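# Observations on the model geometry
So you can see what is in the structure, the chains are spelled out below.
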Amino acid sequence: MRLVFVVLFLVFQCRIQAQSDKNVEGSQLQLGLPLPSVLYEIGTSKNATASLEVITGFGLRGCSGCTTNYGIYPILRGQYRYYYNMERRLAKGKRIAGNSGNYIAGTLVYQNGNPIIGDLAIESAFVVGPVYGIQRTYRRGFFYRLEGGLGYYEGDFGRGATLILGARIGWAIRTRH
């Protein structure tokens, strides 16, 4: 019985040590704008994270003399990020809390063309590609993120190369300070 407690204690200590060696957050929840979104990001290694984001897309089509249609769409976005400048930020005395750093990431995006609310059906699309991004999180949890890259697009009506651009502001719910 004592052996079980000793093994559990050692495993617990190793887990605590492994988490303290990470430069990235163990886990983090972000609420974002301008399109409402929820992102959950989990640290997978010292400088890498995996994230899943649910975004609410919006579409509007109308003209003078015609019916105006709108739609609210679900968008799923997954990323595997590698933050490459965390050590340099620490050496300069800059914050890394909230995963403040520059990163490269593999990105997958899926948008369903059928609206959750509304009557404007649009093209369903899938995008995959690498992006370069920066993210900064401040003491009270406010963050901003900018990213861009080139990806492959495949939708209901075509496929080919496309730009991947993203900008987000919001609040990080769980960060170390």
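Rules used in this analysis
- In this numbering scheme, every chain counts its residues from 1 along its sequence in written order.
- Whole-chain, interface and lining totals are the exception, using all residues; otherwise, since this is a predicted model, local features are given only for residues with pLDDT of at least 70 and side-chain atom pairs are given and counted only at 80 or more.
- Values reported for side chains reflect all heavy atoms of the structure, with hydrogen atoms and water molecules removed beforehand.
- Numbering of helices and strands runs from the N terminus, with a helix taken as a DSSP run of H or I at least four residues long and a strand as a DSSP run of E at least two residues long.
- To sort residues, take the accessible area from a 1.4 Å probe on protein chains only and compare it with the maximum for the residue type: under 20% means buried, over 50% means exposed, and anything in between is partly exposed.
- We call two residues in contact when some of their heavy atoms are within 4.5 Å.
- Among buried residues, those of type Ala, Val, Leu, Ile, Met, Phe, Trp, Tyr and Cys that are joined through side-chain atoms within 4.5 Å constitute a nonpolar core.
- Side-chain rings of Phe, Tyr and Trp (the six-membered ring for Trp) are treated as a pair once their centres are within 6.5 Å; stacked means planes under 30 degrees apart, edge-to-face means over 60, and tilted covers the remaining angles.
- Only protein atoms enter the 1 Å grid used here, on which a cavity is any set of points holding a 1.4 Å probe that cannot leave and a pocket is any open set flanked by protein within 12 Å on both sides along at least five of seven lines; residues with an atom within 4 Å of a point are listed as lining.
- Grid points are joined across faces, edges and corners, and a volume is the space filled by probe spheres set on the points.
- Each residue is assigned to one class: nonpolar for Ala, Val, Leu, Ile, Met, Phe, Trp, Tyr, Cys and Pro, charged for Asp, Glu, Lys and Arg, and polar for all the others, Gly among them.
- When two cysteine sulfur atoms are found within 2.5 Å, that pair is recorded as a disulfide.
- When DSSP locates at least two bridges between a pair of strands, those strands are taken to pair.

## Regarding the environment of Gly-158
- Counting through the fold element by element, Gly-158 comes out in strand β9 (residues 158-172).
- The class of Gly-158 is partly exposed, set by a relative accessible area of 27%.
- Counting along the chain gives 35 residues from Gly-158 to Glu-123, while the straight-line C-alpha distance between them is 9.7 Å.
- The contact partners of Gly-158, leaving out residues within four places of it in the chain, are Glu-123 and Tyr-153.

## Here's the deal with the nonpolar core
- With 12 residues, the main nonpolar core is built from Val-24, Ile-55, Ile-75, Tyr-83, Met-86, Ile-96, Tyr-103, Ala-105, Val-109, Val-127, Val-131 and Ile-164.
- The element that contributes the greatest number of residues to this core is strand β5 (residues 101-111), accounting for three residues.
- The contacts of Val-131, once residues within four sequence positions are left out, are Gln-79, Tyr-103, Ile-104, Ala-105, Thr-107, Glu-147, Gly-148, Gly-149 and Ile-164.

## Regarding the packing of aromatic side chains
- Taken as a whole, this structure holds five aromatic pairs when the rule is applied.
- Each ring, one from Tyr-84 and one from Tyr-132, has its centre 6.3 Å from the other, and the planes form 35°; the classification is tilted. Here Tyr-84, found in the loop between β4 (69-83) and α2 (86-91), pairs with Tyr-132, found in strand β7 (residues 125-137); they are 48 residues apart in sequence, far enough to count as distant.
- Considering the side-chain rings of Phe-142 and Trp-171, the 6.2 Å spacing of their centres and the 75° angle between planes classify their relative orientation as edge-to-face. In this pair, Phe-142 sits in strand β8 (residues 142-155) while Trp-171 sits in strand β9, placing the two residues 29 residues apart along the sequence.
- Judged by its relative accessible area of 33%, Phe-142 falls in the partly exposed class.
- For Trp-171, a relative accessible area of 44% gives the class partly exposed.

## Some details on the layout of surface pockets
- A volume near 460 Å³ is recorded for the largest pocket.
- In terms of lining, the largest pocket is formed by 23 residues, of which the most central are Ile-75, Arg-77, Val-109, Ile-164 and Leu-165.
- Only β3 (48-61), β4, β5, β7, β8 and β9 provide two or more residues apiece to the lining of the largest pocket.
- The greatest single-element share of the lining of the largest pocket, amounting to seven residues, is contributed by β9.
- Class assignment for the residues of the lining of the largest pocket results in 14 nonpolar, four polar and five charged.

## Quick word on the state of the cysteines
- Summed over the entire model, instances satisfying the criterion amount to one disulfide.
- Disulfide pairing is shown between Cys-63 and Cys-66; the S-S distance is 2.0 Å.
- On the accessibility criterion, Cys-63 (47% relative accessible area) is partly exposed.

## Here we look at the pairing of β7
- Direction of pairing for β5 relative to β7: antiparallel, over a ladder of 11 bridges. Opposite Asn-102, over in β7, you have Ile-134 as the bridge partner.
- Sheet topology places β7 next to β8; 11 bridges connect them, and they run antiparallel. Counterpart to Ala-125 in the pairing with β8 is Gly-155.
- The hairpin formed by β7 and β8 contains four residues between the paired strands, and Gly-141 there has a positive phi angle of roughly 100°.

## Describing the pairing of β5
- One ladder, built from nine bridges, connects β4 with β5; its direction is antiparallel. Within β5, the position partnered with Gln-79 by the bridge is Thr-107.

Any functional reading would require information that these geometric values do not contain.
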